Amino acid sequence: MRRKMENMKPRYKAVLFDFDGTLADTSEGIFKSLQYAFEADGKPSPPLSTLRKFIGPPIYDSFQTLFGYPDDKIGFMIEKYRERYRARGWREARVYDGIPQLLRTLRESGVKTATASSKPIPYIEQILREQGLIQYVDYVGGASFDEKSADKAEIMRTAMRALGVASADTVMVGDRLYDICGAKAAGIPCIAVLYGFGSRAEFEEYGADHIAETPADVQKLIFED
């Protein structure tokens, strides 16, 4: 294994990861917390096919554009959603098979890593710590609780500054169009993963640089043959 590692040459100095749908399947906690919020508002929960679209955009935008909530009601819905998610929703996350090995391989190869997510930073840190992966991530980048909207490109730029790397040496890994568009705006390529919440049609429409089916495929794209 050590000999194989020595022969692996990374194409990039840093890899940025989206979180929900890329490093971890957080859908159970998110969906149950959304259902809790809709119940608190006295409304039936939308079908799962609609709830899936909630994952990816900033939370404020999702309640506004996806569920049609007015500005004066979004704060209530976010607080109810986070009430349950804060209590137990984050514990319902499951790291995807192959992600721990991918992060370890990047660390052993000298590649810096960071998250670049629209998820609030404290939740990302909690889940990474709970799953024993926090030591493999050099910088945790995400949104703050008080942001109405999280600029994905700016989150990526902030992560690159924190890591001390240039855009030419960085790649983004994500599972939704927001990751692709953010990467384009930040001037970096994007690997879109099919095991998350996006689709091949979405990735092709928005121009992902690469499409990977598994974390092992992501690793192959990061390292030269």
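Remember, it's a predicted structure, so these values are computed and weren't measured experimentally.

(A) Representation of the pattern of salt bridges in the model. One pass over the structure, following the stated rule, counts 17 salt bridges. Measuring nitrogen to oxygen at the nearest pair gives 3.2 Å for the salt bridge that ties aspartate 18 to lysine 152. Of this pair, aspartate 18 sits in the loop between strand S2 (14-17) and strand S3 (24-25) while lysine 152 sits in helix H8 (residues 152-163), placing them 134 residues apart in sequence. Given the relative accessible area of 7%, lysine 152 is considered buried. Among the salt bridges present, the one from arginine 107 reaches aspartate 138, with a minimum N-O distance of 3.0 Å. Highlighted residues: arginine 107 in helix H6 (residues 99-108) and aspartate 138 in the loop between helix H7 (121-130) and strand S6 (139-143), separated in sequence by 31 residues. Each member of the salt-bridge network shares a partner with another, and the members are Asp18, Lys152 and Asp179.

(B) Just the packing of helix H2 (residues 27-40) against helix H5 (residues 71-87), in detail. Contact geometry of H2 with H5 gives a least axis separation of 8 Å together with a crossing angle of 130°. In terms of axis orientation, H2 runs oblique to H5. Of the two possible hands of crossing, H2 and H5 adopt the one that is right-handed. Packed against H2, whose contacting residues are Gly29, Ile30, Lys32, Ser33, Leu34, Tyr36, Ala37, Phe38 and Ala40, the element H5 presents Phe76, Met77, Lys80, Tyr81, Glu83, Arg84 and Tyr85 at the interface. Within the contact of H2 with H5, the residues separate by chemical class into 10 nonpolar, 2 polar and 4 charged.

(C) Structural detail: the sheet that holds strand S7 (residues 170-174). Spatially, S6-S5-S2-S7-S8-S9 is the arrangement adopted by the 6 strands of the open sheet, whose pairing is parallel. Either end of the sheet is taken by a strand with one partner, and the two such strands are S6 and strand S9 (210-212). Across the sheet, the mean angle from the axis of one strand to that of its neighbour is 25°, orientation sign disregarded. Docked against the sheet, H7 engages strand S5 (112-120) and S6, running at close to 125° with respect to S5. Across the sheet, H8 is in contact with S2, S5, S6 and S7; its angle to S5 comes to roughly 150°.

(D) Summary view of the side chain of aspartate 175. Along the chain, aspartate 175 falls in the loop between S7 and helix H9 (177-186). The buried charged residue aspartate 175 lacks any salt bridge, with arginine 176 as its nearest oppositely charged partner at 5.6 Å. At a separation of 2.8 Å, a polar atom in the side chain of aspartate 175 contacts the main-chain amide nitrogen of phenylalanine 197.

(E) Spotlight on the pairing of S7. Of all 5 residues making up S7, 5 are buried, and the element is well covered by its neighbours. Going residue by residue along S7, you find Thr170, Met172 and Gly174 tucked away on one face and Val171 and Val173 tucked away on the opposite face as well. Alignment of S2 against S7, held across 4 bridges, turns out to be parallel. The residue bridging phenylalanine 17 from the neighbouring strand is valine 173, located in S7.

(F) Quick look at the pairing of S2. Every second residue of S2 is oriented toward a common face, with Ala14 and Leu16 on one face and Val15 and Phe17 on the other, all of them buried. Bridge count for S2 against S5 is 4 bridges, and the pairing is parallel. Its bridge partner being in S5, alanine 14 is matched across the sheet by lysine 112.

(G) Inspection of the environment of leucine 177 at higher detail. Mapped onto the fold, leucine 177 is located in helix H9. In this structure leucine 177 comes out as buried when scored by relative accessible area, which is 16%. As for leucine 177 and serine 199, which are separated by 22 residues in sequence, their C-alpha atoms are 9.3 Å apart. Aside from chain neighbours lying at most four places away, what touches leucine 177 is Glu202 and Tyr206.

(H) Region of interest: the packing of aromatic side chains. Applying the stated criterion to the full structure yields 11 aromatic pairs. The interplanar angle of 15° and the centroid separation of 5.7 Å between the aromatic rings of tyrosine 81 and tyrosine 85 together place this pair among those described as stacked. On the criterion of helical spacing, the pair formed by tyrosine 81 and tyrosine 85 is a turn pair, its members being 4 residues apart in helix H5. The residues tyrosine 81 and tyrosine 85 share a single accessibility class, namely buried. Each ring, one from tyrosine 123 and one from phenylalanine 145, has its centre 5.4 Å from the other, and the planes form 80°; the classification is edge-to-face.

Reading the values: the criteria
Residues numbered from 1 in each chain as written. Predicted model: local features only at pLDDT ≥ 70, side-chain atom pairs only at ≥ 80, totals over all residues. Heavy atoms only, no water. Salt bridge = Lys/Arg side-chain N within 4 Å of Asp/Glu carboxyl O. Helix = DSSP H or I, 4+ residues; strand = E, 2+ residues; numbered from the N terminus. Buried < 20%, exposed > 50% of the residue type's maximum accessible area, 1.4 Å probe, protein only. Axes fitted to C-alpha atoms, helices over the stretch in contact; angles between N-to-C directions. Parallel < 35°, antiparallel > 145°, perpendicular 65-115°, else oblique. Left-handed = near helix turned anticlockwise from the far one by under 90°. Contact = heavy atoms within 4.5 Å. Nonpolar A, V, L, I, M, F, W, Y, C, P; charged D, E, K, R; others polar. Pairing = 2+ DSSP bridges. Lys, Arg positive; Asp, Glu negative; His and termini not counted. Polar contact = N/O pair within 3.5 Å; in protein donor to acceptor, adjacent residues only side chain to side chain. Phe/Tyr/Trp six-rings, centres within 6.5 Å; stacked < 30°, edge-to-face > 60°.

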